[in-house]
Amino acid sequence: MAKHNPIIVALDVPSAEQALQLAEQVAPAVGAFKIGKELFVSAGPDIVKRVRATGASVFLDLKFHDIPNTVAKAIAAATRLDVQMTTIHASGGGEMMRAAEKSAQEMAKALGLPAPLVLGVTVLTSSNHETLAEIGCEADPETQVLRLARLAVASGLRGLVCSPLEIVALRQILPARIQLVTPGIRTGTEKADDQKRTLSPREAMQAGASWLVIGRPIYAADNPRAAAEKILESIG
Ligand code: C5P
């Protein structure tokens, strides 16, 4: 069996054409592509279908957070698009997460597809103690991450998105089968951009990441394909 390629390239570009060009260029060196809000809102579900049509796996990162019924329907729609991973906010609560996971499983079964991995987002890395306090959460971000991670797993989710610096603590409290998907990856040869807490691809994998979400270090490189190949080599 081919070795798992854990690199997910963030297609953080505004148009379908740019996304498809980037995807085509780097596809042989990466494991999947992430389609986020900017691209999805501008190019629509069609871009998901077009990237899937190349044979590549898709991580649809729309971070749903709504009443359980609405999130379940959105997850069912994402499952019909045949994405391999998608995201919801764990702060939406246990009932919302259970509904999302159930919806992914049931729709996938009805279609004869594998269920997409519904990933829980705990505390956004842009949030700090003050951000949590102003919405009435007195816990510090690290404590809240662990609390929401436990709730997500207890609610049936099979994976989480986490910052590189949370991987070790999460691995200590979570079952080994839980997939951890980690952005905030920097190789050291480029600037950190707006990422403040980063690890290298190798460090993140050694800490226990299952997948690495990498945007600018690949798509903003002079040669994105070569940048992706170099990262893949670095993680052995
Ligand atoms: O360009 P860069 O490698 O920083 O891209 C990282 C990707 O991961 C972006 O799509 C960004 O929105 C996403 N992300 C992140 N930090 C989080 C959650 C998602 O950088 N905490």
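Each remark here, short or long, concerns the structure printed above.
Residues numbered from 1 in each chain as written. Predicted model: local features only at pLDDT ≥ 70, side-chain atom pairs only at ≥ 80, totals over all residues. Heavy atoms only, no water.

Q: Help me understand helix H4 (residues 68–80), please; the structure alone is not making it clear to me.
A: Along its 13 residues, H4 runs 18 Å from first to last C-alpha, staying within 8% of the 18 Å computed at 1.5 Å per residue. Of the residues making up H4, those classed as buried are Val-71, Ala-72, Ile-75, Ala-76, Ala-78 and Thr-79. Angular distribution of buried residues about the axis of H4 spans 160°; they occupy a single face of the element. Of the surrounding elements, those touching the buried residues of H4 are strand S3 (57–64), strand S4 (85–89), helix H5 (94–111) and strand S5 (117–121). In the stretch just after H4, Asp-82 is the one whose phi turns positive, near 65°. (Helix = DSSP H or I, 4+ residues; strand = E, 2+ residues; numbered from the N terminus. Expected span 1.5 Å × (residues − 1). Buried < 20%, exposed > 50% of the residue type's maximum accessible area, 1.4 Å probe, protein only. Arc of directions from axis to C-beta. Contact = heavy atoms within 4.5 Å.)

Q: Even after reading the chapter, I still don't get the site of the ligand, so can you show me in this structure?
A: For the ligand, the full set of nearby residues is Ala-10, Asp-12, Lys-34, Thr-125, Pro-183, Arg-186, Gln-195, Val-213, Ile-214, Gly-215, Arg-216 and Pro-217. Here Lys-34 contributes a side-chain N or O atom positioned 3.0 Å from an oxygen atom of the ligand. Contact between the ligand and Gly-215: an oxygen atom at 2.8 Å from a main-chain N or O atom of the residue. Counting only elements with at least two residues in the shell around the ligand, the list comes to strand S8 (211–214) and helix H10 (216–219). Among the residues making up the shell around the ligand, the classes are represented as 5 nonpolar, 3 polar and 4 charged. (Near = heavy atom within 4 Å. Polar contact = N/O pair within 3.5 Å; in protein donor to acceptor, adjacent residues only side chain to side chain. Nonpolar A, V, L, I, M, F, W, Y, C, P; charged D, E, K, R; others polar.)

Q: Would you take a moment to explain the pairing of strand S2 (residues 32–35) for this structure?
A: For a regular strand, side chains alternate in direction, first toward one face of the sheet and then toward the other. By the alternation rule, side chains of S2 split into Ala-32 and Lys-34 and Phe-33 and Ile-35, which are all buried. Of the pairings in the sheet, the one linking strand S1 (residues 7–10) to S2 comprises 3 bridges and is parallel in character. Note on S2: the bridge partner recorded for Ile-8 is Ala-32. You can see the chain leave S1, run along helix H1 (residues 16–26) and come back into S2, and the turn it takes is right-handed. (Pairing = 2+ DSSP bridges. Right-handed = clockwise from strand over helix to strand, strands pointing away.)

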